[in-house]
Structure formats: C-alpha cells, structure tokens
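A look at the structure
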Amino acid sequence: MIATSAAGPALRVVVVNGSPNRPSKTMGLVDVILATLAEMMPIQTSRIDVYELGPEFTGVVEREQVSPGVEAALKLAENADLLIAAIPVFRGSYPGMFKHFFDLVDQYALAGRLVLLAATGGGEHHALVLEHALRPLFGFFQALTVPVAVFAAAADFDGTILLNPRVHGRIQMALTDVADLLRTRAPATAAH
Amino acid sequence: MTFEIGIMTFGEVTEDPVTGRTPSPRQRVRETIEQARLADQVGLDVFGVGEHHRTDFVGSAPAILLAAAAEATEHIRLTSSVTVLSSEDPVRVWEQFATIDLLSAGRAEIIAGRGSYTESFPLFGYDLRDYADLFREKLDLLLKIRERNPLTWSGRFRPPLHDADIAPRADGDTIPIWVGVGGSPASAVSTGRLGLPMALALLLGPVTYHEQTVELYRAAAAQAGHDPATLPISINTHGYVGRTSQEARETMYPYFAKGMMENNHQRGQGFPLSRPAFDAQVSPGSGLLAGSSQEVIDKLLTYHELYGVSRALIQMGFGGMPQKEHLAAIERLGTEVAPVVRRETATLAGRTA
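The model shown is predicted, which means the values in this text are computed figures rather than measured ones.

**Things to note about the overall build of chain A**
- Scanning chain A for helices and strands turns up six helices and nine strands.
- In chain A, which comprises 192 residues, the proportion classed as buried is 53%.
- Taking the contacts inside chain A whose residues are at least 6 apart along the sequence as the reference set, 81% of them involve residues at least 24 apart.
- Summed over its atoms, the accessible surface of chain A is roughly 8500 Å², and 56% of this surface lies on carbon and sulfur atoms.
- In chain A, 14 positive and 18 negative side-chain charges are present, and the distance between their average locations comes to 2 Å.

Rendered as structure tokens:
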C-alpha cells in the first residue's frame with residue numbers, strides 16, 4: 001500500500017494493482033491516468049499491490065480470517081471515491097490474485113461507487129477483457145463503472161512509459177466523461 | 001529528397017529448397033560482396049547488411065562485411081540494416097562505422113534498431129528485462145558521440161566517459177543514423193521526438209500497414225520542434241524483381257516460404273506459407289516489393305504516395321535465393337526500376353513544389 005496526500009479536500013483515488021511486476025506497464029498506464037486526473041481536480045491517491053499482500057492474503061478464504069494489514073487494504077478499496085481497477089491480461093482474463101482480492105471485498109461495499117477499468121496486454125486482441133471480464137465483475141458489485149475503459153498494448157510503451165498519444169486521448173476522454181460526477185464525490189462536497 | 005533504392009541482406013546460409021544444396025559460409029560472404037559490387041555498378045543507392053547471430057546467417061558482423069563492400073564499390077551508400085544497438089557498445093559501433101566512412105569516402109550509414117531477434121542479448125551479457133532502457137540509453141550515447149568529441153557521458157549500462165577522445169571522426173560532417181521501426185506506436189513516437197530518420201520494416205500485410213506509424217512519427221516530430229518535412233522515411237521489405245510477373249512469383253515463392261518457415265514462428269515453430277497466401281502478399285494492395293519491374297515500380301510509387309517515403313531497401317535473398325537469380329533481380333532493380341521511380345518521384349515533387 002502506498003499513499004500520497006494532496007493538500008485540502010481531495011478525491012480519494014485508490015488503485016488496485018493487479019500486476020506482479022515492478023515496474024510494470026500496467027502502472028505505467030495508471031501513472032498517466034492519475035496525472036491526467038490530477039490536472040482536472042485535487043486528488044489523493046493510494047495503491048494496493050495485490051501481489052505484495054503476502055501469505056496473510058493468499059492463505060485466507062474468508063474475510064473474517066484476514067490480518068489487520070489486509071483488512072486495512074480492503075477497507076481502503078471499499079471507501080474509495082474513485083477505484084481504479086488495473087490489470088495485465090493473464091491467461092485471457094484478470095490475474096487470480098486480483099480476483100482473490102475482490103472475492104474478499106464486501107458484497108455491497110462498492111455499490112454506486114465509481115470504478116475506472118484499465119488493462120494492459122501483449123496486443124490489441126486482448127482489449128475486450130475490459131468488457132468481457134472486468135466490467136461484469138464490477139457489475140456484480142453494482143458499482144458505477146466509467147463508460148470508457150482504457151486499454152494499452154505492449155507496443156504503446158517504451159519500457160513502462162506510455163507513449164502512444166491515442167491512449168493518452170482515450171484516458172482524457174474516459175475522465176472528462178465523469179469529471180463532474182467525480183467532483184461531487186470528493187469528501188469536501190459530499191458528506192462522508 | 002531524391003528517391004533512393006537499395007538492397008539489403010543478412011547473408012542467408014539456407015538450404016536451397018529447389019536443389020537441396022546449402023552454400024558454404026565462405027561462398028556466401030563472397031557472394032554478398034558480389035551483390036554489393038553489382039548493386040553499385042547498376043546504380044543502386046544503398047547496400048545494407050543486417051545482423052543475425054546464428055549459423056544460418058553470415059551477417060553477425062555487418063561492419064566487417066560493409067568494410068569489404070567499401071573496397072568493392074565506388075558510389076553506393078553502405079548501411080547496417082540493422083545494427084542491434086541494444087547489445088552493442090556504441091563507442092565501438094561509432095569507431096567501426098567511422099572507419100567504414102573513411103574507407104568509402106563518406107558512404108557509411110547506421111540503422112540503429114532493437115532487432116527482431118534477441119539472440120545477441122545473452123551472447124553479450126545483456127538482460128532482456130532491460131530491453132527498452134538499453135536501446136534508449138545506447139542510442140543516446142551514439143548520438144552524443146556523433147555530435148561532439150571529446151565526450152563526457154554517463155549512464156546505467158556502461159562505465160562513464162570522462163573527456164573521452166573517440167576516433168576516428170566521420171569522413172565528412174557526419175554519419176547518418178536512422179532508427180529501425182517495426183511499427184509499434186511507441187517506437188514511432190520516440191523516433192519522431194528525437195527527430196531521427198525512420199527505417200520502417202514491413203514483413204507481411206497490407207501496403208497501408210504503417211499509416212498510423214507514419215502519422216504518429218510525424219506528429220511526435222512536429223511536437224518536439226522538428227520539421228517533419230525534412231525527416232526521411234524508408235521502407236524496408238522483402239521482394240524480388242522478376243523478368244515477368246509470373247517469373248517473379250515462381251522464383252521467389254519457394255525461397256520466401258522456406259525463409260518464413262525457418263524464421264517466422266507461431267506456437268514456437270514455423271508454419272507453411274501457402275502459394276495463395278504468398279500471391280496475396282504480392283498483390284498490389286499488399287506490402288511485398290515483388291513482381292515484374294513495372295509491378296515493383298508501381299508498388300514503390302504507392303509507398304511514396306502513402307507515406308512519403310524517399311528510400312526503399314529490398315531484401316531479395318531471404319530463404320536462400322540462389323546467387324544467379326539474386327544478381328539478375330539486382331540488375332533489374334538498378335536498370336529498370338530505379339530510373340523510373342527516381343524520375344516519377346522527381347516529377348511529383350516538381351508538381352507539388
């Protein structure tokens with residue numbers, strides 16, 4: 001878990017990082033999403049790296065069994081003003097660790113919460129994982145997924161730096177669509 | 001920009017699928033220099049040697065083959081196609097190409113690339129996890145070496161240089177450095193930002209395959225303050241210039257199919273390229289620069305129109321094309337194709353000027 005804070009009232013953005021790699025293209029994509037969002041409104045960002053939660057996370061099957069550290073990570077995600085679900089495509093879907101995290105999230109905790117879907121993959125042919133795997137997961141949670149989801153292929157990156165301006169444009173579009181809604185969700189304007 | 005036409009080779013040592021014979025490496029290096037000599041004599045503009053570190057190619061040290069070619073030629077430009085810069089020491093690359101530049105009175109060029117194969121990484125002790133960082137850093141160093149001498153520089157992958165005197169210098173003002181781009185949007189953008197000429201590689205697919213690549217390249221160049229109109233783009237593709245349309249296809253097909261079987265893998269192994277699939281790749285809407293002289297002229301003009309390319313490098317020896325046919329195709333490219341393409345593109349330029 002990494003937390004950075006902005007001065008004053010800020011949108012609490014929580015990234016759930018489904019990549020096992022460090023650095024990763026998936027976080028390279030998220031970096032651009034966060035930078036773009038920060039230009040639109042004050043934000044406070046936190047990140048949960050599901051692959052680094054350890055045996056206290058991987059060894060449990062029920063929410064009641066989790067350690068205080070894992071409980072804090074789950075609570076953080078459950079209370080986000082904007083959740084960014086970011087994954088590399090693994091075996092045609094989201095990675096197992098990522099799903100395991102959401103298997104522990106309370107069934108109704110994300111109802112009505114804004115969730116932005118982001119994924120990276122080897123090629124464009126993986127892009128529909130966003131719509132066919134990730135969006136139904138948050139459909140179950142009755143979350144408010146941002147209509148435009150963001151995908152970037154390996155060829156869009158120089159290492160882990162996102163270079164393709166078309167993907168930058170798509171990020172801008174995804175966030176602009178919901179910018180007004182996001183502003184109403186920041187703690188200063190909405191009673192939390 | 002006058003349109004430039006050239007050939008490139010990796011020095012293929014492939015068993016001939018028609019005769020069953022495999023040329024010896026000694027035969028292949030001699031034949032490679034003979035190709036350069038003929039290309040020079042028939043007035044082609046560029047001779048390129050690519051880099052593969054495998055026994056089925058003799059081109060693991062392009063600089064040495066190019067040095068030999070320098071001695072056998074007078075006018076043709078001599079380029080790597082490409083130098084796998086990520087696994088090279090840029091200081092050594094510069095020294096070698098500056099030497100070729102002196103030997104050839106200013107005809108040396110470098111196409112720096114990441115390489116489509118990665119066999120050189122373990123050979124020279126590099127980690128594939130550093131793939132992107134290696135290329136970025138080494139290209140930076142190569143460009144700095146070209147720009148000034150002595151040089152002070154430091155990076156992650158080699159010891160720092162303190163006031164280092166790197167010699168020889170180029171024969172003339174400079175040595176052209178191109179960047180080889182396979183079509184990934186990120187490569188196009190990073191090359192454009194640097195304002196470097198782009199050598200586009202196209203293996204298979206529609207002739208329009210690189211439209212987005214070129215668009216991204218020009219936009220990135222303009223955004224970084226470079227004038228896209230002054231940046232040359234080259235297309236590098238497989239091909240063959242035959243006596244007739246039919247002869248070109250009949251001659252090229254068995255070798256190209258063999259080359260694809262040995263080099264283009266799916267599920268870890270080669271797969272057969274059927275004749276209809278090959279014919280489709282040679283059709284006017286596809287990328288291969290193959291056919292009769294007139295077909296190749298038309299295709300080159302299509303490339304020029306689509307992307308504004310001012311250079312084309314054609315690889316005609318893929319899959320072990322026999323020397324006799326290879327030389328015949330080089331001659332047709334130089335005497336029948338190149339003059340028409342140069343004239344037509346010059347006329348087009350005059351019309352738009």
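On we go from here.
**Here we look at the overall build of chain B**
- Looking only at helices and strands, chain B features 11 helices and 14 strands.
- What you see for chain B is a C-alpha radius of gyration of 19 Å, in line with the 20 Å of a compact globule of 353 residues.
- When the backbone C-alpha atoms are referred to their principal axes, chain B occupies close to 60 × 50 × 45 Å.
- The burial tally for chain B puts 55% of its 353 residues in the buried class.
- Put simply, of all contacts in chain B between residues at least 6 apart along the chain, 73% involve residues at least 24 apart.
- Counting only carbon and sulfur atoms, one obtains 52% of the accessible surface of chain B, whose full area is about 14800 Å².
- Looking at charge distribution, chain B has the averaged site of its 33 positive side-chain charges lying 2 Å from that of its 42 negative ones.

**Re the pattern of salt bridges**
- A complete count under the given rule lists 31 salt bridges over all chains for this structure.
- A salt bridge links E109 of chain B to R77 of chain B, with the nearest nitrogen and oxygen atoms 2.3 Å apart. Of this pair, E109 of chain B sits in strand β5 (residues 108-113) while R77 of chain B is found in strand β3 (residues 77-80), placing the two residues 32 residues apart along the sequence.
- It is possible to trace a salt-bridge network through shared partners that takes in D158 of chain A together with D130, D133, R136 and R156 of chain B.

**Re the packing of helix α2 (residues 62-72) of chain B against helix α3 (residues 90-103) of chain B**
Residues and elements named next belong to chain B.
- Where α2 meets α3, the closest approach of the two axes is 9 Å, and the angle between their N-to-C directions is 5°. Considered as vectors, α2 and α3 are oriented roughly parallel to each other. The residues of α3 that touch α2, namely those facing A63, L66, A67, A70 and E71, are Q96, F97, I100 and L103.
- Looking at the contact of α2 with α3 residue by residue, the classes come out as seven nonpolar, one polar and one charged.

**Concerning the interface of chain B and chain A**
- With 11 residues of chain B in contact, the opposing surface of chain A contributes 10 residues.
- Taken as a group, R136, P185 and A186 of chain B account for 39% of the area that chain B buries against chain A, more than any other trio of residues on that side.
- On the surface where chain B and chain A come into contact, there are two salt bridges.
- The salt bridge partner of R166 of chain A is E215 of chain B, with a shortest N-O separation of 2.8 Å.
- There are three residue pairs in polar contact (both at pLDDT 80 or more) connecting chain B and chain A.
- Of all the secondary-structure elements, those providing two or more residues to the side of chain B that touches chain A are α5 (131-147), α6 (185-194) and α7 (211-223) of chain B.
- Among the elements that take part in the side of chain B that touches chain A, α6 of chain B stands out by supplying five residues, more than any other.
- Considering only residue class, the side of chain B that touches chain A consists of five nonpolar, three polar and three charged.

**A closer look at the UniProt feature "domain: Luciferase-like" (unreviewed entry) in chain B**
- Residues given the UniProt feature "domain: Luciferase-like" (unreviewed entry) here are residues 4-306 of chain B.
- Segment residues 4-306 of chain B splits into 42% helix and 19% strand. End C-alpha atoms: 16 Å apart.

**Overview of the UniProt feature "domain: NADPH-dependent FMN reductase-like" (unreviewed entry) in chain A**
- Taken from the UniProt record, the annotation "domain: NADPH-dependent FMN reductase-like" (unreviewed entry) applies to residues 12-155 of chain A.
- The distance separating the terminal C-alpha atoms of residues 12-155 of chain A is 31 Å; by composition the span is 36% helix and 24% strand.

**Remarks on unusual backbone geometry**
- A cis amide bond links R22 of chain A with the next residue in sequence, P23 of chain A, at an omega value of -5°.
- Position of P23 of chain A among the secondary structure elements: in the loop between β2 (11-17) and α1 (25-40).
- Even without being a glycine, Q142 of chain A presents a positive backbone phi close to 60°.
- With respect to the helices, strands and loops of the structure, Q142 of chain A is situated in the loop between α5 (129-140) and β6 (144-145).
- Unusually for a residue other than glycine, D163 of chain B sits at a positive phi of about 50°.
- Positionally, D163 of chain B belongs in strand β7 (residues 161-164).

**Describing α2 of chain B**
Residue and element names in this part refer to chain B.
- With respect to burial, α2 is a largely interior element, eight of its 11 residues being buried.
- Along α2, the positions that sit buried rather than exposed are P62, A63, L65, L66, A67, A69, A70 and A72.
- Each element contacted by the buried residues of α2 is listed here: α1 (25-41), β2 (46-49), β3 and α3.

**Thoughts on the packing of aromatic side chains**
- For the structure shown, the criterion picks out 14 aromatic pairs over all chains.
- Geometrically, the ring pair formed by Y253 of chain B and F278 of chain B is tilted, given 5.3 Å between the ring centres and 55° between the ring planes. Of this pair, Y253 of chain B sits in helix α8 (residues 245-263) while F278 of chain B sits in helix α9 (residues 275-282); the two residues are 25 residues apart in sequence, bridging distant segments of the chain.
- Its relative accessible area of 0% is what places F278 of chain B among the buried residues.
- With a centroid separation of 5.9 Å and 40° between ring planes, the pair formed by Y303 of chain B and Y307 of chain B is classed as tilted. With a gap of four residues between them, Y303 of chain B and Y307 of chain B both fall in helix α10 (residues 293-307), about one helical turn apart.
- Linked through ring pairs, F57, Y94, F98, F101, F102, F138, F140 and F141 of chain A together constitute an aromatic cluster.
- Here the guanidinium or amino end of R54 of chain B rests over the ring plane of Y117 of chain B, the centre of that ring lying 5.3 Å away.

Procedures and definitions
- Residues numbered from 1 in each chain as written.
- Chains lettered and ligands numbered in written order.
- Predicted model: local features only at pLDDT ≥ 70, side-chain atom pairs only at ≥ 80, totals over all residues.
- Heavy atoms only, no water.
- Helix = DSSP H or I, 4+ residues; strand = E, 2+ residues; numbered from the N terminus.
- Buried < 20%, exposed > 50% of the residue type's maximum accessible area, 1.4 Å probe, protein only.
- Contact = heavy atoms within 4.5 Å.
- Areas by Shrake-Rupley, 256 points an atom, 1.4 Å probe, with all protein chains shown as cover.
- Lys, Arg positive; Asp, Glu negative; His and termini not counted.
- Charge placed at Lys NZ, Arg CZ, Asp CG, Glu CD.
- Rg over C-alpha atoms; globule rule 2.2 N^0.38 Å.
- Salt bridge = Lys/Arg side-chain N within 4 Å of Asp/Glu carboxyl O.
- Axes fitted to C-alpha atoms, helices over the stretch in contact; angles between N-to-C directions.
- Parallel < 35°, antiparallel > 145°, perpendicular 65-115°, else oblique.
- Nonpolar A, V, L, I, M, F, W, Y, C, P; charged D, E, K, R; others polar.
- Buried area = accessible area lost by both parts, 1.4 Å probe.
- Polar contact = N/O pair within 3.5 Å; in protein donor to acceptor, adjacent residues only side chain to side chain.
- UniProt positions renumbered as here; feature names shortened; annotations may be inferred.
- Phe/Tyr/Trp six-rings, centres within 6.5 Å; stacked < 30°, edge-to-face > 60°.
- Lys NZ or Arg CZ within 6 Å of the ring centre and 35° of its normal.

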